[in-house]
Protein chains: 2
Amino acid sequence: MHEESLEQKRSQMRKGLLEFCILLVISEDRTYSTDILKKLKETDLLVVEGTLYPLLSRLKSQGLVEYDWEESKSGPPRKYYALTKKGKETLAELKKTWKGLSASISSLTD
Amino acid sequence: MHEESLEQKRSQMRKGLLEFCILLVISEDRTYSTDILKKLKETDLLVVEGTLYPLLSRLKSQGLVEYDWEESKSGPPRKYYALTKKGKETLAELKKTWKGLSASISSLTD
DNA sequence: TGGTAGTACCTTGTGTTACAAGGTACTAGG
DNA sequence: CCTAGTACCTTGTAACACAAGGTACTACCA
């Protein structure tokens, strides 16, 4: 409510792009959650654990990503995620959508 | 659910940008709902009435837009919307956010 | 041995919101 | 006066990000 509406709108803008960005990050290299969080913070897309875990599960159950367990020297084992074939195809489509969208909006912002 | 997930992701991408785009459209010129819907369709951002009306009410109650009634020759009177001072300020901030975001994502898509 | 810190996984509850569907009411033309 | 076109709005539903809380593994050290 109240006067945090600007920040609320900002996070709303990020929201819709989240899933897309996570697919992008995973497509670069197999990674696990903490790493993903770190990379997204670097690119201005704040996410928290409570958002990321359910999202990864969703992508898994949609067959877009898969994971392997890997031991860690500094704690419990990690789930390393990678895109499946279907995930790569979906990502390619989303990139097109993104290009179209960002072009449309850029034309409005002038 | 099932295999509409691509389209679902697409619409999810559009979602977060919707409010921003509506502010953009209104900033160009005072308009009313049907006109807004038309313009958004031209730029790939599909919206429906059931989404737009509550959204406009929300923007109104946040003090970002205001409206005047205007008679129409082809039906009931229309609410013509325009940005308030606060709306313009907010939009300027959102434009910055958009620039940052789109730059970040573009750097990932290469 | 057992206590603390760090890391990693996951779940539950809440509020927001887009959308589908349905509803009211005004104008104009036949 | 009845239909078509236009414009406004509401209700119910499902998805989703986030906050908060929880479990469990490793390593270090007293």
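Below, the structure is looked at part by part. The numbers attached to residues start from 1 for each chain and follow its sequence in the written order. Written order determines the labels here, with chains lettered from A and ligands numbered from 1. This being a predicted model, a pLDDT of at least 70 is required before a residue's local features are given, and a value of 80 or more before pairs of side-chain atoms are given or counted; all residues contribute to the totals for chains, interfaces and linings.

Thoughts on the packing of helix α1 (residues 5-28) of chain A against helix α4 (residues 85-108) of chain A
All names here are of chain A.
Part 1: Following both chains from N to C, one finds α1 and α4 inclined at 125 degrees, their axes separated by 10 Å at the closest point. Classified by the interaxial angle, the pair formed by α1 and α4 is oblique. Regarding α1 and α4, the two cross each other, and that crossing is left-handed. Seen from α1, the contacting residues are Phe20, Leu23 and Ser27; seen from α4, they are Gly87, Lys88, Leu91, Leu94 and Trp98.
Part 2: Side-chain classes are defined by residue name, with Ala, Val, Leu, Ile, Met, Phe, Trp, Tyr, Cys and Pro counting as nonpolar, Asp, Glu, Lys and Arg as charged, and the others, Gly among them, as polar. Taken together, the residues of the contact of α1 with α4 sort by class into five nonpolar, two polar and one charged. Between the N-to-C directions of two axes lies an angle of 0 to 180 degrees, each axis being a line fitted to C-alpha atoms and, for a helix, fitted only over the stretch in contact. Strands here are runs of E lasting at least two residues and helices are runs of H or I lasting at least four, both read from the DSSP assignment and numbered beginning at the N terminus. Any angle between 65 and 115 degrees counts as roughly perpendicular, while under 35 counts as roughly parallel, over 145 as roughly antiparallel, and the rest as oblique. By convention, the crossing between two helices is left-handed when the near helix turns anticlockwise from the far helix through less than a right angle, and right-handed when the turn is clockwise. For the purpose of contact definition, each residue receives a C-beta atom placed from its backbone, and two residues are in contact when these atoms lie within 7 Å.

Quick word on the interface of chain B and chain A
Interface size is often expressed as the accessible area that is lost when the parts come together.
Part 1: Listed per partner, the contact involves 30 residues of chain B and 30 residues of chain A.
Part 2: Taken together, the elements giving at least two residues each to the side of chain B that touches chain A come down to α1 (5-28) and α4 (85-108) of chain B.
Part 3: Sorting elements by how many residues they give to the side of chain B that touches chain A places α1 of chain B first, with 14 residues.
Part 4: By residue class, the composition of the side of chain B that touches chain A is 11 nonpolar, 11 polar and eight charged.

Details of α1 of chain A
Because the α-helix completes a turn every 3.6 residues, residues three or four places apart line up on one side.
All names here are of chain A.
Part 1: To estimate how far a helix should reach, multiply one less than its number of residues by 1.5 Å. For α1, which comprises 24 residues, the first-to-last C-alpha distance of 34 Å matches the rise-based estimate of 34 Å (1.5 Å per residue) to within 8%.
Part 2: A maximum bend of about 50 degrees is found in α1 at Leu17.
Part 3: Whether a residue is buried, exposed or partly exposed follows from its count of other C-beta atoms within 10 Å of its own C-beta, namely 20 or more, 12 or fewer, or something in between, respectively; the C-beta atoms are built from the backbone. If you check which residues of α1 are buried, you get Lys9, Arg10, Leu17, Leu18, Phe20, Cys21, Ile22, Leu23, Leu24, Val25 and Ile26. At any given residue, the bend is defined as the angle formed between two axes, one fitted to the seven residues that end at that position and one fitted to the seven that begin there.

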